[in-house]
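Here is how the chains run, residue by residue.
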Amino acid sequence: MSAPRDRFDAIVVGAGVVGAMLALTLSRSGRRVALVESREPVGWDGGSPGLRVVALAADAVDQLKALEVWPAIAARRAHPYRRMRVWDAAGGGELDFDADRFGQPELGWIVELDLVAASLWEALGRERGLRRMCPARVEHLEQDGDRATLGLDDGTRVAAPLVVAADGAGSTLRGLAGIEVDAHAYDQRGLVAYVGTEHPHQDTAWQRFLPGGPVAFLPVADGRCSIVWSLPDAEATRLLEVTDEQFMRELERAFDGRLGAITSVSQRAAFPLRRQLARSYVAGRVVLAGDAAHAVHPLAGQGVNLGLRDAACLQRLVEAAGARDIGAAHRLARYQRERRSDNVIAAWAFDGINRVFSSDALAPTLLRGKALGLANAVPGLARRLWRHAAGR
Ligand SMILES: Cc1cc2nc3c(=O)[nH]c(=O)nc-3n(C[C@H](O)[C@H](O)[C@H](O)COP(=O)(O)OP(=O)(O)OC[C@H]3O[C@@H](n4cnc5c(N)ncnc54)[C@H](O)[C@@H]3O)c2cc1C
C-alpha cells in the first residue's frame with residue numbers, strides 16, 4: 001500500500017445494523033468517522049416487507065431513540081410485542097411473559113432488519129463529520145504503533161487509531177487481523193416467511209420447541225406473523241420446495257394450531273445457523289463487534305441485540321477516553337473483558353437450550369417441561385429472565 005491516506009478518529013467497516021449504529025453514535029459524540037460498506041445501500045420504499053425480521057430488545061430501542069432514529073422506524077413499520085408464550089411439543093409446561101406483569105408498555109419491537117439499516121443509513125447521510133465510503137471493500141490492513149491503515153478495493157487508503165470490524169459473520173477484516181474463530185454448524189437452517197393466521201396474533205411472540213428445532217411466530221403490523229422455523233438442513237430444503245398449501249398444513253401442525261388455520265404464506269427463504277465465536281476481540285488497533293465477533297442461534301432473538309450492546313460498550317469507552325488515545329491497548333482490552341464473557345455465555349446458553357429441547361430422550365423431555373413451568377411460577381424469576389434479555 002503506498003498512496004497517501006485519509007485520517008480519521010475511527011473507521012467502522014460494515015454498515016449492517018451494528019456498524020451503522022456505532023458509526024452514528026461515534027460521529028454524534030464529535031469523532032471524525034469513516035464508514036466502509038461493500039454493498040450499495042438497500043433503501044426503504046415501503047413496498048413488500050423484507051423477510052429478515054428481528055425482535056429488538058428494550059435497550060436496543062433505547063439506543064435508537066437516543067440517536068433520534070427510532071421515530072423514522074416506528075412511523076414506517078414496527079410492531080410491539082407485549083407478551084411471550086414459549087412451550088414444548090413433548091415436555092409440557094409453558095413460559096408466559098407479559099409486559100403488564102413487568103410494568104412495561106411492551107416487551108420489545110418486531111422490525112425488518114433492512115428498515116433499521118436503511119433508517120440508520122439515512123441518518124448517517126446527515127452527519128457532517130462522517131464519510132460514507134460505499135461501495136468499497138476492505139482488502140488490506142497494516143498496523144503500526146499508533147494507527148491502523150486500511151487499503152480499499154478502489155485504491156483509497158484510510159487510517160485511524162481505532163478500526164472496528166462490523167463486517168458480519170464472514171468478516172474479511174477479522175481474517176486480515178489474524179483473529180481465528182471457533183465455529184460449529186448446527187446443521188439447521190432458519191426458514192423465514194410471513195404467514196396469515198385464522199386468529200389474531202394478540203401482539204404476542206410465540207415459540208414452540210420441536211425435536212427438529214423451535215418455530216417462532218412474531219407479530220407484525222399488518223396482522224400477519226413473521227415466522228422463524230429452525231429445521232434440520234434437509235427438512236428446510238424440502239419445506240422450501242413444497243407447495244404453499246402443503247407448507248401451510250405442515251406449519252399449522254408444527255405450531256399445534258395455536259392461532260387456528262394458517263391462511264396465507266409469502267415467499268420463503270432459509271439461512272444457515274451456526275455458533276461462531278472469535279477467539280479474541282482485539283488485534284492491535286482492530287476490534288470486532290456484532291456478528292464478526294459472535295454468531296448465535298436465533299432461538300432467543302438476541303443476535304442484533306448483543307451486537308448493539310457491543311456498540312454501546314465501545315462508545316462508552318471512547319467517550320471516557322476524552323482527548324486520550326481511543327485505540328489504546330488497555331481500553332480495547334477492557335472492551336473485550338466486558339463484552340466477550342457476556343456474548344460467550346449467551347451463545348452457549350442458546351446452544352444448550354437448542355440441544356435440550358431438540359432431544360427425544362425421556363429425562364430431558366421431562367425436565368424441560370418442568371423447567372418452563374418453574375420459570376413461570378417462581379416469584380421474580382420470569383422478571384429476572386426478561387430483564388436480562390431486555391438489557392435492563
Ligand atoms: C433466521 C435468523 C433470525 C434472526 N432473528 C433475530 C432476532 O429476532 N433478533 C436478533 O437480535 N437477531 C436475530 N438474528 C441475528 C441477526 O440477524 C444478526 O445478528 C445481525 O443481523 C448481525 O448484524 P451485523 O451488523 O453484526 O452484521 P451484518 O448484518 O452481517 O452486516 C455486515 C455488513 O458488512 C458488510 N461487509 C461485509 N464484508 C465487507 C468488507 N470486506 N468491506 C466492507 N463491508 C463489508 C456487509 O455488506 C454488511 O452490510 C437472526 C438471524 C437469523 C439467521
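Residues numbered from 1 in each chain as written. Predicted model: local features only at pLDDT ≥ 70, side-chain atom pairs only at ≥ 80, totals over all residues. Heavy atoms only, no water.

Under an unreviewed UniProt entry, the name given to the protein chain is FAD-dependent oxidoreductase, and the source organism is Alkalisalibacterium limincola. Note on the protein chain: under the UniProt heading Pathway (unreviewed entry), the record states "Cofactor biosynthesis; ubiquinone biosynthesis." Check the Cofactor (unreviewed entry) section of the UniProt entry for the protein chain; it says "FAD". (UniProt positions renumbered as here; feature names shortened; annotations may be inferred.)

Chemist: I'm lost on the packing of helix 3 (residues 70–77) against helix 4 (residues 113–125) in this one. Help?
Modeler: To describe two helices that pack against each other, one gives the angle between their axes and the distance between the axes. It is the contact of helix 3 with helix 4, at a shortest axis distance of 9 Å, that shows an interaxial angle of 140°. Classified by the angle between their axes, helix 3 and helix 4 sit oblique to one another. By crossing handedness, the relation of helix 3 to helix 4 is classed as right-handed. In this structure, helix 3 uses Ile73, Arg76 and Arg77 to contact helix 4, whose residues at the interface are Leu115, Val116, Ser119 and Glu122. (Axes fitted to C-alpha atoms, helices over the stretch in contact; angles between N-to-C directions. Helix = DSSP H or I, 4+ residues; strand = E, 2+ residues; numbered from the N terminus. Parallel < 35°, antiparallel > 145°, perpendicular 65-115°, else oblique. Left-handed = near helix turned anticlockwise from the far one by under 90°. Contact = heavy atoms within 4.5 Å.)

Chemist: Just checking my understanding: could you explain the site of the ligand for this structure?
Modeler: Around the ligand sit 31 residues, and of these Glu37, Arg52, Asp291, Gly301 and Val304 come closest. Take Thr172: an N or O atom from its side chain is 3.3 Å from a nitrogen atom of the ligand. Coverage of the ligand by the protein chains reaches 88% of its 1,000 Å² of free accessible surface. Breaking the shell around the ligand down by element, the ones donating at least two residues are helix 1 (17–28), strand 4 (53–57) and helix 8 (303–321). Looking at the shell around the ligand residue by residue, the class counts come to 15 nonpolar, ten polar and six charged. (Near = heavy atom within 4 Å. Polar contact = N/O pair within 3.5 Å; in protein donor to acceptor, adjacent residues only side chain to side chain. Areas by Shrake-Rupley, 256 points an atom, 1.4 Å probe, with all protein chains shown as cover. Nonpolar A, V, L, I, M, F, W, Y, C, P; charged D, E, K, R; others polar.)

Chemist: When you look at the nonpolar core in this model, what are you seeing that I'm missing?
Modeler: Formed by 75 residues in total, the largest nonpolar core has its most connected members in Ile11, Leu56 and Leu150. With 23 residues, the next largest nonpolar core counts Trp87, Trp206, Leu239 and Phe255 among its residues. (Core = buried A, V, L, I, M, F, W, Y, C linked by side-chain atoms within 4.5 Å. Buried < 20%, exposed > 50% of the residue type's maximum accessible area, 1.4 Å probe, protein only.)

Chemist: Help me understand the side chain of Arg85 in this model?
Modeler: Secondary-structure assignment places Arg85 in strand 6 (residues 83–88). The exposure class assigned to Arg85 is buried, which follows from its relative accessible area of 7%. Other than its neighbours up to four places away in sequence, Arg85 contacts Glu94, Leu95, Asp96, Phe97, Thr204, Ala205, Trp206, Gln207 and Arg258.

Chemist: What's the story with the environment of Gly168 in this structure? I'm lost.
Modeler: With respect to the helices, strands and loops of the structure, Gly168 is situated in the loop between strand 13 (162–165) and helix 5 (172–176). Apart from the residues within four sequence positions on either side, Gly168 is in contact with Arg174, Asp291 and Ala292.

Chemist: Help me understand the sheet that holds strand 2 (residues 10–13) in this model?
Modeler: Strands belonging to one sheet form pairs held by backbone hydrogen bonds; the direction of such a pair is parallel or antiparallel. If you trace the six strands from one edge of the open sheet to the other, you get 9-3-2-13-21-20, paired in mixed fashion. Only two strands of the sheet have a single partner each, and these edge strands are strand 9 (130–133) and strand 20 (282–283). Direction of pairing for strand 3 (residues 33–36) relative to strand 9: parallel, over a ladder of four bridges. From the neighbouring strand, Ala34 faces strand 9, where its bridge partner is Arg131. (Pairing = 2+ DSSP bridges.)

Chemist: Would you explain the packing of helix 2 (residues 58–66) against helix 8 in this entry?
Modeler: Their axes nearest at 9 Å, the elements helix 2 and helix 8 cross at an angle of 50°. It follows from the interaxial angle that helix 2 and helix 8 lie oblique. In the crossing of helix 2 with helix 8, the sense of the turn from one axis to the other is left-handed. Along the contact surface, helix 2 presents Asp59, Ala60 and Gln63, while helix 8 presents Asn305, Leu308, Arg309 and Ala312. Grouping the amino acids of the contact of helix 2 with helix 8 by side-chain chemistry returns three nonpolar, two polar and two charged.

Chemist: I'm lost on the packing of aromatic side chains in this one. Help?
Modeler: The geometry of two aromatic rings is summed up by the distance between their centres and the angle between their planes. Enumeration according to the criterion identifies seven aromatic pairs in this entry. With a centroid separation of 5.6 Å and 55° between ring planes, the pair formed by Trp87 and Phe255 is classed as tilted. Here Trp87, found in strand 6, pairs with Phe255, found in the loop between helix 7 (244–254) and strand 18 (262–265); they are 168 residues apart in sequence, far enough to count as distant. Pair check on accessibility: Trp87 and Phe255 agree, each one buried. Taken together, a centroid distance of 6.2 Å and an interplanar angle of 45° make the contact between Tyr281 and Tyr335 tilted. Within this pair, whereas Tyr281 is found in the loop between strand 19 (269–278) and strand 20, its partner Tyr335 is found in helix 9 (residues 329–358), the two being separated by 54 residues in sequence. Among the residues examined, Tyr281 registers a relative accessible area of 1% and is labelled buried. On the accessibility criterion, Tyr335 (0% relative accessible area) is buried. An aromatic cluster is defined as three or more aromatic residues linked by ring pairs; in this entry it consists of Trp87, Trp206, Phe217 and Phe255. The positively charged end of Arg258 is found above the aromatic ring belonging to Trp87, 4.3 Å away from the centroid. (Phe/Tyr/Trp six-rings, centres within 6.5 Å; stacked < 30°, edge-to-face > 60°. Lys NZ or Arg CZ within 6 Å of the ring centre and 35° of its normal.)

Chemist: Looking at this structure, how should I read the pattern of salt bridges?
Modeler: A side chain with one charge may pair with a side chain of the opposite charge, provided their charged atoms come close. Per the stated rule, a full pass over the model turns up 25 salt bridges. Residue Asp96 pairs with Arg85 through a salt bridge whose shortest N-O separation is 2.1 Å. Of this pair, Asp96 sits in strand 7 (residues 94–98) while Arg85 sits in strand 6; the two residues are eleven residues apart in sequence, bridging distant segments of the chain. Where Arg279 meets Asp182, a salt bridge forms, and the shortest distance between an N and an O atom there is 2.7 Å. Here Arg279, found in the loop between strand 19 and strand 20, pairs with Asp182, found in strand 14 (residues 181–197); they are 97 residues apart in sequence, far enough to count as distant. (Salt bridge = Lys/Arg side-chain N within 4 Å of Asp/Glu carboxyl O.)

Chemist: Would you explain the environment of Val228 in this entry?
Modeler: Relative to the helices and strands, Val228 is located in strand 17 (residues 225–232). Sequence separation between Val228 and Pro214 is 14 residues, and the spatial gap between their C-alpha atoms is 8.1 Å. Apart from the residues within four sequence positions on either side, Val228 is in contact with Leu191, Val192, Pro214, Val215 and Ala216.

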